[in-house]
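# Notes for the structure review
Spelled out from the first residue to the last, the chains are:
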Amino acid sequence: MLRADDVWFRYGSAQPWTLAGVDLQVADGEVVGLCGPSGGGKSTLARVLAGHLRPDRGRVTVDGSEPRARRGPHPVQLVLQHPERAVDPRWTIRRALAATGAGDDAIAALDEELVRPTWLDRYPHEISGGELQRVNLARALLTRPRFVVADEITASLDAVTQARIWALLLERCRAAGIGVLAVSHDRLLLEEVAGRIVDRTPVPDRGPA
Amino acid sequence: MSAAVAVPVPGRLGDRRTRTLAYVGLAVLVVLGVLVAGTLAGDAAQTTDLADRNLGPSAEHWFGTDRLGRDMLARTLAGLRLSLVVGVAAAAVSAVVALLLASAAAVFGGVVDRAVGWLVDLFLALPHLVLLVLLAFALGGGTGAVVAAVALTHWPTLTRVLRGRAREVMSSDYVAVSRQLGRGRWWIARHHLAGHLTGHFVVGTVLLFPHAILHEAALSFLGLGVDPGQPSIGILLAESMRYLTAGAWWLAVLPGLCLLVVVKLVDAIGENTRALLDPRSHHL
Amino acid sequence: MTAPLLEVRGLEVDFLQYERGLRRRAVPALTGMDLTARAGEVVALVGASGAGKSLLAHAVLGLLPPNAVERGTVAVDGEPLSPEQRRRLAGHGTTLLPQSASFLDPLSRIGRQVRRTARLAGHADPRRAAEQALAERGLGREVLRRYPHELSGGMARRVLVAMAVLTRPRLLLADEPTTGLPTDLVRTTLREFRVLADAGAAVVLVTHELRAALDVADRVVIVRDGRTVDVADPAGFTGDGAALAHPYTRALWQALPGNGFRVPEVR
């Protein structure tokens, strides 16, 4: 179970709260949709859940304990909106996948549906955005995460590619019992992929009680 | 579209990159030539011939001779060599200081980053040349003092460039992803930062050379630089001052011009290398 | 029949790049773009990011970088124009509505920038024209004194629309004008384009959101991997898309969330 309990976050003490007392649960193997307009703090919440940002108050727990930083891959893997920004432009796809600690065998054994072998020695700008997003997904899955947070991962892709990536993600996560938090502004998309949808509206600016 | 197959196009000799590379190659050759010639001219630069004193430029002595009858061409070449060596040493030390500070700021962040930023601002706020003179004076003059003084005054600008670039890398999505894969700061420094900083570091270092060379000459001119017995350009210019009124223009003009040309060449090497490495002009 | 305001035929764009050393290669970016826009029309150019939509818009304005090589024809009012000629038209009849607020000058106040646009477009009273254009989009006088970073994303977008309309374009190229906007603002923005077109302009709406485009477009041009694959009638995008002739267009429609979210068999 991935839980956020009364999470508060702001970018600097002079800034308004971006997250004010957020509670959220995602059970193992569950797919939850997080919907809301841009600027509503969805991406911030996604980054807090994956440990990129530390909440100012409240806790994020996986199975009751806070994930330890720097002790191997985080159990909550975040896949980001812009596939081309999530891979070092100076790296080949192979090197990006190897950063997970996966050996050559594991990379070679990757499902062709996810990552084609011909991409491995190319650079990120030499494959398309949709293909690169599949690489990012594969990279997250290689760490054997407990949860995947998908933050607008198909927002810049066409509908066909979007449907294909979600089919891949849902199939893999279902098979491995991975819980998914699908973040999007597109309610119709979330209705397709999620079993339950949580709405996020921008918080009114109040300090913690 | 990125996934498209590339069609090879034959390189044309007239394209910009070929010209730039040719220019850089030529400049490097000239600078190397000066180094070699300066080394070979070492003895000739100190050979006095009192029969041929204060001669103007001629076929025998292209740059004329000074008050002790020493050949000014040999002295200029030897001086340029000395200036280059001192300048390069100082620039290299400076660049290493910049790299260490910028990397420390990026890797440790927080207090270290703020401290480095403060230090850079402090040094940039102080008048450059005054600080240089004070340092050289405090260190007691001589070649070592010049290298140290120039090195200690030239790191801030490069540090700022490298720190800015490092910050950009550290706040990128791909570094965030490496962190969530469980990679620590040293791993990120080695695998992400190093690659992204190398180009800036090389170009920044080369662009430090001309500054360092000119400042070495300035210090020597003021008598705070290399040992007066050695023919540095700064010393040649200082000595020539007394004879300018007597009409011995060649003593100052020719070595000065040569210094200008060499500095301009080194600067051009840096600027052209930058243009080649800069992604915005890379493919033009 | 008069010539269309904008006609792009078989436009191909390569980028020359250096590989290691001095070897140059041409990387194809556009491999066959066709686009026709008549006065009074809104044409939606739909495709994934990276498909070449923005590149086409920039090519029409003659704004490609110097290492781009262009083939094919771009004709305005039936007359094929060189990139230089097209660049001269930019701002004089042809206007780009850019994608983001980063196209505003960050160091200059909004009022100044909008007034400048109005002056360059030849309005008799630039100050009044600027204020009016902003007011029509629900932006009060207080906005005039602000800098771009003091605007929300939605406000910045409205400022850009106001500036674009002030130039009184005959041809407007709107590059992803609605991405990231809340639904009501998307609708208002798109309605602006309809009004412009009804007043006699040709509007090319570049977007990756097919559904939003259908409300205002007279025709939908489907772009994929640098080429135009289909020109479809918006009326065909209904039900399960049986009226759509081209298989890719149909697949695109059927893959939309709410329309079946279907993954086509062939890859």
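Residues numbered from 1 in each chain as written. Chains lettered and ligands numbered in written order. Predicted model: local features only at pLDDT ≥ 70, side-chain atom pairs only at ≥ 80, totals over all residues. Heavy atoms only, no water.

### Details of the overall build of chain B
Put simply, the test is: By definition, any uninterrupted DSSP run of H or I lasting at least four residues is a helix, any uninterrupted run of E lasting at least two residues is a strand, and each is numbered from the N terminus. Only protein chains enter the accessibility calculation, which uses a 1.4 Å probe; a residue is then buried when its area is under 20% of its type maximum, exposed when over 50%, and partly exposed in between. By definition in these notes, contact holds between two residues if any of their heavy atoms fall within 4.5 Å.
Across its full length, chain B carries 10 helices and one strand. For chain B, the N- to C-terminal ordering of α and β elements is β-α-α-α-α-α-α-α-α-α-α. Counting only C-alpha atoms and orienting by the principal axes, one finds that chain B spans roughly 80 × 55 × 25 Å. With 284 residues in all, chain B has 46% of them scored as buried. Considering only contacts in chain B between residues 6 or more positions apart, those separated by 24 or more positions represent 71%.

### Details of the nonpolar core
Quick reminder of the rule: Here, nonpolar core refers to any group of buried Ala, Val, Leu, Ile, Met, Phe, Trp, Tyr and Cys residues whose side-chain atoms link them within 4.5 Å. The domain boundaries here were taken from an automatic or database domain assignment.
Among the nonpolar cores identified, the biggest contains 189 residues, and Trp166 of chain A together with Val159 of chain C are the most heavily contacted of them. For this core, the element with the most residues is helix α3 (residues 72-108) of chain B, which contributes 13 residues. For this core, the domains that each give at least three residues are domain 1 (37-66 + 79-93 + 169-267) and domain 2 (104-167) of chain C. Beyond its immediate chain neighbours, meaning those up to four positions away, Trp166 of chain A contacts Ala150, Ile153, Thr154, Ala182, Leu189 and Val193 of chain A together with Phe261 of chain C. Core analysis: the second largest hydrophobic core is formed by 30 residues, Leu5, Leu6, Leu35 and Leu64 of chain C among them.

### Overview of the domain arrangement of chain C
All names here are of chain C. Let me state the cut-off plainly: A simple way to read buried area is as the amount of 1.4 Å-probe accessible surface that goes missing from two parts once joined, with both sides added.
Under the domain assignment, chain C is made up of domain 1 (37-66 + 79-93 + 169-267) and domain 2 (104-167). One C-alpha centre belongs to domain 1, the other to domain 2, and the line joining them spans 25 Å. Each partner contributes to the interface: domain 1 provides 11 residues, whereas domain 2 provides eight residues. Together, Pro169, Leu185 and Glu192 form the three largest contributors to the area buried by domain 1 at its contact with domain 2, with a combined 47%.

### Thoughts on the pairing of strand β7 (residues 179-184) of chain A
Residues and elements named next belong to chain A. What counts is decided by this rule: Strand pairing follows a simple DSSP-based rule, namely that at least 2 bridges must link the two strands.
Within β7, six of the six residues are buried, leaving the element largely enclosed by the surrounding structure. Both faces of β7 are covered, namely the face carrying Gly179, Leu181 and Val183 and the face carrying Val180, Ala182 and Ser184. Where strand β3 (residues 31-35) lies against β7, five bridges are found, and the strand directions are parallel. In the strand pairing of β7, Val32 is matched with Leu181. Relative to β7, strand β6 (residues 147-151) runs parallel, the two sharing five bridges. Bridge pairing in β7 links Ala150 to Ala182.

### Considerations on empty space enclosed by the protein
What counts here: Only protein atoms enter the 1 Å grid, on which a cavity is a set of points fitting a 1.4 Å probe that cannot get out and a pocket is an open set with protein on both sides within 12 Å along at least 5 of 7 lines, lining residues being those with an atom within 4 Å of a point. Grid points are joined across faces, edges and corners, and a volume is the space filled by probe spheres set on the points. Following the grouping adopted for this structure description, the nonpolar residues are Ala, Val, Leu, Ile, Met, Phe, Trp, Tyr, Cys and Pro, the charged ones are Asp, Glu, Lys and Arg, and the polar ones are all others, Gly among them.
One pass over the structure, following the stated rule, counts three cavities of 30 Å³ or more. Residue lining of the largest cavity: Gln77, Leu78, Val79, Leu80, Ala86, Gln133, Asn136, Arg139 and Ala140 of chain A together with Val177, Gln180 and Leu181 of chain B, and that is the complete set. Of all the elements in the fold, those that place two or more residues in the lining of the largest cavity are β5 (76-79) and α4 (129-142) of chain A together with α7 (173-180) of chain B. Of the residues forming the lining of the largest cavity, the biggest block, four residues, is contributed by α4 of chain A. Counted by class, the lining of the largest cavity contains seven nonpolar, four polar and one charged residues. Looking at the lining of the second largest cavity element by element, the count peaks at four residues for helix α9 (residues 233-244) of chain B. Within the lining of the second largest cavity, the residues separate by chemical class into four nonpolar, one polar and four charged.

### What to know about α3 of chain B
Applied cut-off: Between the first and last residue of a helix there are one fewer steps than residues, each counted as 1.5 Å, and that sum is the expected span.
The end-to-end C-alpha separation of α3 of chain B is 53 Å, in line with the 54 Å expected for 37 residues at 1.5 Å each. One or two steps after α3 of chain B, the chain reaches Gly109 of chain B, where phi turns positive at roughly 60 degrees.

### Comments concerning a nonpolar patch on the surface
Residues and elements named next belong to chain B. Defined as follows: Candidate patch residues must exceed 30% relative accessible area and have no salt bridge, after which like charges are joined if within 9 Å and Val, Leu, Ile, Met, Phe, Trp or Tyr side chains if within 5 Å. Residue-level accessible areas treat just the shown protein chains as cover; the underlying method is Shrake-Rupley with a 1.4 Å probe. Any Lys or Arg side-chain nitrogen found within 4 Å of a carboxyl oxygen on Asp or Glu counts as a salt bridge.
Nonpolar side chains collect at one region of the surface, where Phe221, Leu222, Met241, Leu244, Trp249, Val253, Leu257 and Leu260 lie side by side and expose about 730 Å² of accessible area between them. Breaking the nonpolar patch down by element, the ones donating at least two residues are α9 and α10 (250-277). Among the elements that take part in the nonpolar patch, α10 stands out by supplying three residues, more than any other. Among the structural elements, Phe221 can be located in helix α8 (residues 185-221).

### Focus: the packing of α3 of chain B against α8 of chain B
Residues and elements named next belong to chain B. To keep things clear, this is the line we draw: Only the stretch in contact is used when a helix axis is fitted, and all axes are lines through C-alpha atoms; the angle between N-to-C directions ranges over 0 to 180 degrees. Convention used here: angles under 35 degrees read as roughly parallel, angles over 145 as roughly antiparallel, angles from 65 to 115 as roughly perpendicular, and any remaining angle as oblique. Two helices crossing with the near one rotated counterclockwise from the far one by less than a right angle form a left-handed crossing, whereas a clockwise rotation gives a right-handed crossing.
Running from N to C, α3 and α8 point in directions that differ by 150 degrees, and their axes come no closer than 7 Å. Judged on the interaxial angle alone, α8 and α3 are roughly antiparallel. As for how α3 packs across α8, the hand of that crossing is right-handed. Partitioned by chemical class, the residues of the contact of α3 with α8 number 19 nonpolar, four polar and two charged.

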